[in-house]
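# A closer look at the structure
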Amino acid sequence: MKNRTRAFVLAGTAAALVATLVAAAPAPAAPAPAAPAAQAAPRLASVHGGGTILYPYAAKDDIRFTVDAESTPWTRPFPAPGGERGLPTDARGRVTISHYFTESGFTATAEAEVDCLVTGGRTATLTAVVKTSNIGWDGKRIGISVQDGERGAPDRVGFSWGIANVDVKPDGTVAEGTVGTCMAPAPFTEVTKGSLKVTPAPLSPQPKP
């Protein structure tokens, strides 16, 4: 009987000890808050592709464009007040142009470096400075517009030379006008072969000081 009473007392003491240890144990740590999701990089505007166009004033000629342009906002500083950081339309890439004149058999070519790109919906306007050409265009800035056709409509291209960029002086004299960054006429010609893809994006916010 004494042995049973002793065992009962020991069991009760052990149970009380376990209860005390459990009560004294620290509460389990709350789970760490989830790390905030990384913000997605802002989408940047771009134009990629190439094609042959139908130019109504040289319908028999073969005129081709290729464009590979990507937005690089605030990367081209220029020496003017407010230009220390560049522009939200700064861009990089390349434009190539070839124009085969059927009557003479001559092919005019030019390759230019993109310096500006802006988009609005399915339309983009870009400029590029000619680096090499066989028609004396070296150093000239050219403007090109691209419209990405939808619902079966053809892509379209416009360009700053030929019909659009004429500067008529007050005295009646005529000269070719200069092309500022991102300046180009509406896309007035159709792409008959090939395609051009416009990826639109809003203007990049101004960088913090």
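Right, let's walk through the structure included here. (Residues numbered from 1 in each chain as written. Predicted model: local features only at pLDDT ≥ 70, side-chain atom pairs only at ≥ 80, totals over all residues. Heavy atoms only, no water.)

A few words now on the packing of aromatic side chains. One pass over the structure, following the stated rule, counts 8 aromatic pairs. Between W137 and W161, the aromatic rings sit 5.1 Å apart at their centres with planes inclined by 70°, giving edge-to-face as the arrangement. Of this pair, W137 sits in the loop between strand 5 (123–133) and strand 6 (141–147) while W161 sits in the loop between strand 7 (156–159) and strand 8 (166–168), and the two are 24 residues apart along the sequence. Here W137 matches W161 in class, with each residue buried. Connected via pairs of aromatic rings, a cluster forms that spans Y55, Y57, F65, W137, F159, W161 and F188. Seen from the ring of W137, K140 lies directly overhead, with NZ or CZ sitting 4.1 Å from the centre. (Phe/Tyr/Trp six-rings, centres within 6.5 Å; stacked < 30°, edge-to-face > 60°. Helix = DSSP H or I, 4+ residues; strand = E, 2+ residues; numbered from the N terminus. Buried < 20%, exposed > 50% of the residue type's maximum accessible area, 1.4 Å probe, protein only. Lys NZ or Arg CZ within 6 Å of the ring centre and 35° of its normal.)

Following the criterion strictly, the structure yields 11 salt bridges and no others. Here E70 and R92 are joined by a salt bridge, their closest N and O atoms 3.8 Å apart. Here E70, found in strand 2 (residues 62–71), pairs with R92, found in strand 3 (residues 91–100); they are 22 residues apart in sequence, far enough to count as distant. The exposure class assigned to E70 is partly exposed, which follows from its relative accessible area of 35%. The residue D148 makes a salt bridge to K197 at a minimum N-O spacing of 4.0 Å. With a gap of 49 residues between them, D148 in the loop between strand 6 and strand 7 and K197 in strand 10 (residues 189–199) connect regions that are remote in the sequence. On the basis of relative accessible area, D148 is assigned to the buried category, the value being 9%. One continuous salt-bridge network, built from bridges that share partners, spans R122, D148, E150 and K197. (Salt bridge = Lys/Arg side-chain N within 4 Å of Asp/Glu carboxyl O.)

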